[in-house]
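Listed here are the chains, written in short residue letters.
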Amino acid sequence: MFRFLSSSTLKSLKANHRTSWASCFLTLCNSSNPEYSSRQNPCCDFSLSGHSAKPPDCLSFHSNLAGARYFSSCYLSNCGKFDTLCGIGGGFLRNPPSVGQMRNFCSEMRRESMDYDVVIVGAGPAGLSAAIRLKQLCIEKGVDMSVCVVEKGADVGAHILSGNVFEPRALNELIPEWKENQAPIDTPVSSDKFWFLTKDRAFSLPSPFDNKGNYVISLSQLVRWMGMKAEELGVEIYPGFAASEVLYNINHEVVGIATNDMGVAKDGTRKDNFQRGVELKGKVTLFAEGCRGSLSEKIMREYNLREKVQAQHQTYALGIKEVWEIDPSKHQPGFVLHTLGWPLDHKTYGGSFLYHMKDNMVSIGLVVALNYQNPYLNPYEEFQRLKHHSAIKPMLEGGSVLQYGARTLNEGGFQSIPYPVFPGGALIGCSAGFLNVPKIKGTHTAMKSGMLAAETAFGVLHEGLAMDKYWEKLCNSWIWEELHRARNYRPAFEYGLLPGLTLSAIEHYITKGRSPWTMKHGKPDHKATNVARLHSPIEYPKPDGVISFDVPTSLYRSNTNHDHDQPVHLRLKDPTIPEQLNWPEYAGPESRYCPARVYEYLPDDSGKMKLQVNAQNCLHCKACDIKDPTQNIEWTVPEGGGGPGYTVM
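Residue positions within a chain follow its written sequence, with the count starting from 1. Reporting of local features is limited, given that this is a predicted model, to residues whose pLDDT is at least 70; pairs of side-chain atoms are given and counted only at 80 or more, and all residues count toward the totals for whole chains, interfaces and linings. The basis for the side-chain values is all heavy atoms of the structure; hydrogens and waters are excluded.

Student: Give me the overall build of the protein chain: which residues, what numbers.
Tutor: Regarding its fold elements, the protein chain presents 19 helices and 27 strands. Three labels apply to residues, based on accessible area from a 1.4 Å probe with only protein chains included: buried if under 20% of the type maximum, exposed if over 50%, partly exposed otherwise in between. In the protein chain, which comprises 649 residues, the proportion classed as buried is 58%. Only heavy atoms matter for contacts: two residues are in contact if any of them lie within 4.5 Å across the pair. Nonlocal contacts in the protein chain, meaning residues at least 24 apart in sequence, comprise 78% of its contacts between residues at least 6 apart. Entry remark: accessible area of the protein chain is about 26,800 Å², with carbon and sulfur atoms responsible for 51%. Strands are runs of DSSP state E lasting at least two residues, helices are runs of H or I lasting at least four, and both sets are numbered from the N terminus onward. Values of accessible area rely on a 1.4 Å probe in the Shrake-Rupley scheme; residue burial ignores everything except the protein chains shown.

Student: Tell me about the pairing of strand β12 (residues 243-248), and please be specific about residues and values.
Tutor: Judged from the 5 bridges that link them, β12 and strand β13 (residues 254-259) form a sheet pairing that is antiparallel. Bridge pairing in β13 places V246 opposite I257. Paired strands, as defined in this entry, are two strands with at least two bridges between them according to DSSP. The loop that links β12 with its antiparallel partner β13 comprises 5 residues; one of these, H252, has a positive phi angle of about 60°.

Student: Tell me about the pairing of strand β16 (residues 278-287), and please be specific about residues and values.
Tutor: Among the 10 residues in β16, 9 count as buried, and that is most of the element. For strand β5 (residues 112-121) and β16, the ladder comprises 9 bridges, and the chain directions are parallel. The residue of β16 that forms the bridge with Y116 is G282. Direction of pairing for β16 relative to strand β23 (residues 425-427): parallel, over a ladder of 3 bridges. Bridge pairing links L286 to A426 in β23.

Student: Can you break down the nonpolar core residue by residue, with the values?
Tutor: Most often, soluble globular proteins have nonpolar side chains that are buried together. Residues grouped as a nonpolar core are buried Ala, Val, Leu, Ile, Met, Phe, Trp, Tyr and Cys residues, joined through side-chain atoms within 4.5 Å. Ranked by size, the top nonpolar core spans 84 residues in total, and within it L286, F287 and Y470 carry the most contacts. Setting aside residues no more than four positions away along its own chain, Y470 makes contact with P420, V421, A426, L427, I428, F434, S449, L452, A453 and T456. Core analysis: the next-biggest nonpolar cluster, separate from the first, contains 68 residues, W342, Y372, I633 and M649 among them.

Student: Could you give an account of the side chain of S431, naming the residues involved and the relevant values?
Tutor: Along the chain, the position of S431 falls in the loop between β23 and α11 (443-463). Any pair of N or O atoms that falls within 3.5 Å is considered a polar contact. Within protein, one atom must be able to donate a hydrogen and the other to accept it, and sequence-neighbouring residues count only if both atoms are side-chain atoms. At 2.9 Å, the side chain of S431 and the backbone nitrogen of E289 are in polar contact. In this structure the side chain of S431 is engaged in a polar contact, spanning 3.4 Å, whose partner is the backbone nitrogen of G290. Setting aside residues no more than four positions away along its own chain, S431 makes contact with F287, A288, E289, G290, S296 and M300.

Student: Can you lay out the packing of helix α4 (residues 125-141) against α11 for me, pointing to particular residues and giving the numbers?
Tutor: How two helices pack is summed up by the angle between their axes together with the distance between the axes. To define axes, lines are fitted to C-alpha atoms, for helices over the stretch in contact only, and angles between the resulting N-to-C directions are given on a 0 to 180 degree scale. The contact between α4 and α11 brings their axes to 7 Å, and the two run at 40°. Taken together, the axis directions place α4 and α11 in an arrangement best described as oblique. When you trace α4 past α11, the crossing you get is right-handed. For the pair α4 and α11, contact is made by P125, A126, S129, A130, R133, L134, L137, C138 and K141 and by T443, A446, M447, G450, M451, A454, E455, A457 and F458, respectively. Put simply, Ala, Val, Leu, Ile, Met, Phe, Trp, Tyr, Cys and Pro go in the nonpolar bin, Asp, Glu, Lys and Arg in the charged bin, and everything else, Gly too, in the polar bin. Within the contact of α4 with α11, the residues separate by chemical class into 12 nonpolar, 3 polar and 3 charged. Roughly parallel refers to an angle under 35 degrees, roughly antiparallel to one over 145, roughly perpendicular to one between 65 and 115, and oblique to any angle outside these ranges. Left-handed describes a crossing whose near helix is turned anticlockwise from the far helix by less than a right angle; the clockwise case is right-handed.

Student: Tell me about the sheet that holds strand β8 (residues 191-197), and name the residues and values.
Tutor: A sheet is described by the order of its strands in space; here 7 strands give the open sequence β9-β8-β18-β19-β20-β17-β21, paired in mixed fashion. Looking at strand neighbours, the two that pair on one side only are β9 (202-204) and β21 (400-410), the edges of this open sheet. Geometrically, the sheet is characterised by an average inter-axis angle of 20° between neighbouring strands, direction not taken into account. Pairing analysis gives 7 bridges linking strand β19 (residues 350-356) to strand β20 (residues 361-369), with the strands arranged antiparallel. Considered in β20, the bridge of L354 is made with I364. Sitting on the sheet, helix α9 (residues 379-386) is in contact with β8, β17 (316-325), β19, β20 and β21, with an inclination near 135° to β20.

Student: Outline a nonpolar patch on the surface, listing residues and values.
Tutor: Each patch is built from salt-bridge-free residues with over 30% relative accessible area, joining like charges within 9 Å and nonpolar side chains (Val, Leu, Ile, Met, Phe, Trp, Tyr) within 5 Å. In what follows, salt bridge is the name for a side-chain nitrogen of Lys or Arg lying within 4 Å of a carboxyl oxygen of Asp or Glu. On the surface, a cluster of nonpolar side chains totalling about 520 Å² of accessible area is made up of Y495, L503, I506, Y509 and I510. Checked against the element boundaries, Y509 lands in helix α15 (residues 497-511). Residue Y509 is classed as partly exposed on the basis of its relative accessible area, which comes to 46%.

Student: Summarise the packing of aromatic side chains; cite the residues concerned and give the values.
Tutor: Between rings of Phe, Tyr and Trp, where Trp is taken as its six-membered ring, a pair exists when centres lie within 6.5 Å; planes separated by under 30 degrees are stacked, by over 60 edge-to-face, and by other angles tilted. Applying the stated criterion across every chain, the model contains 13 aromatic pairs. Summarising the aromatic geometry, the rings of F414 and W480 are spaced 5.0 Å apart at their centres and angled 65° between planes, so their arrangement reads as edge-to-face. Highlighted residues: F414 in the loop between β21 and β22 (421-422) and W480 in helix α13 (residues 478-485), separated in sequence by 66 residues. Per residue, the accessibility class of F414 equals that of W480, and both read buried.

Right, dumping it as structure tokens:
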């Protein structure tokens, strides 16, 4: 059975290693280990018999043992009252603390830790491919390595959203027998259409996509299957735990991650169900958080990974998607359609997709590049308009929406790949950014990058190799060749739709990706937003509730859920900027680029517009972290298990 551990299960697991309250209180952690000596020390006003009382900001255990010692956390909040304990080392508690002091003591305690050979952050296609490949190598070489995957979604696949026309190249290498193992990949592409849309018409163009041998799938379902395969090989997977902190040793090497505390109220106080986060320590740590991963971004800045190889900034797009169940008479399994043009203007890069899945399901979506200029543009509303196009609407009529979601994706391609190795680990998948823009595919490259990182990590742990070999493997892989050929497509559209189509046609049909030049990206996405006075507001039609829908209705279909009583995970670096800059200069763009209505401007008692953050609506798409004009919004992880609950996306 697939052993996905919940928070209660993990707590129970760790409880098996706990001793009694008295023994627990005497458990000592050796701070002479230089890797972990920087953790928090417990605090309490207490003294031992025969010794003077210590200041309340430092708890010490007086011992004739050499070296400093610190008490471990041991979940003291569940261990009873301090004044019931006696006979500790021949001493006693002279000043037993109050309940409030005891809670403070517990909150300051060191976190529990679990040690592994490899820790992987993110149970997506890259992270699970890495985990599977590591365990395969262990079997091949007769080596035992512990591998842990931590995932912030409540279940594996719950936060996974993609188109998805799947290219099985990497899966063929990883699990050649995937068909026999009943992978959820059973709808081959049957037709491949490409349209240019105007407001009222659809013009068929030669399809630049080669989807022969590819499949229309649900990536969230594929990831769940991969999770089961990883579990069968001995990988430990912990869904519902959000990695919130990178752990370093005194040599500034990454030694793992810590999950965030659970049971913290919105005002920062500890609730009755408070539970300290857990440290997952690895000899190698691989970050597979997906596009704009919060810890991955910190790692890139900390070690200057872009500057190390003169990589350009990353560019992004926002993908908004629905899965429909349509009339069986209209269903064509494997039908694939991509469009350019309407409803987007000619200065905004993007397009739509419509894929016929199995079981009368259709996935439809709109991808909008986040370097759009008009602050009045609303990607969600553009998507609703798209569905009313005369060539699209008939396919959906008579059907119903099963699920809704949104996620950003990397579009920087070859020019934006950072150096993916840092002391103690590496970036894999969309954390680094291996999406092939003209193919509109990144799952196969993400998986391959995870496999290459796994092979390198195995060499590091088993053969004494350097993790830098991962970069060498990438540069010599088909990922590199593929992305190099595709490098000029996305930058070509910096000049507008028609010049972009012309330049990309030259790249595709004439030079075939072998041009002697490499085009550069334009401004970073947040700097591309114009001030509002240069544009006119866009009037969007009201949803009809049949083909188009309002945000609350769509949000309900995403199965998004967060505990309302927790600290807001969307942090404003300067809380005055929304009212002083974003509203007057940019007309409050965060209220439009967010596809979940997390950000709303509402008048206060004096009529002045104030920003309200509805963090509980968050789809974890990361658009706000990317598009805010002054980069004032920082996306951090909420409590593990929160966010969307995708099942067929």
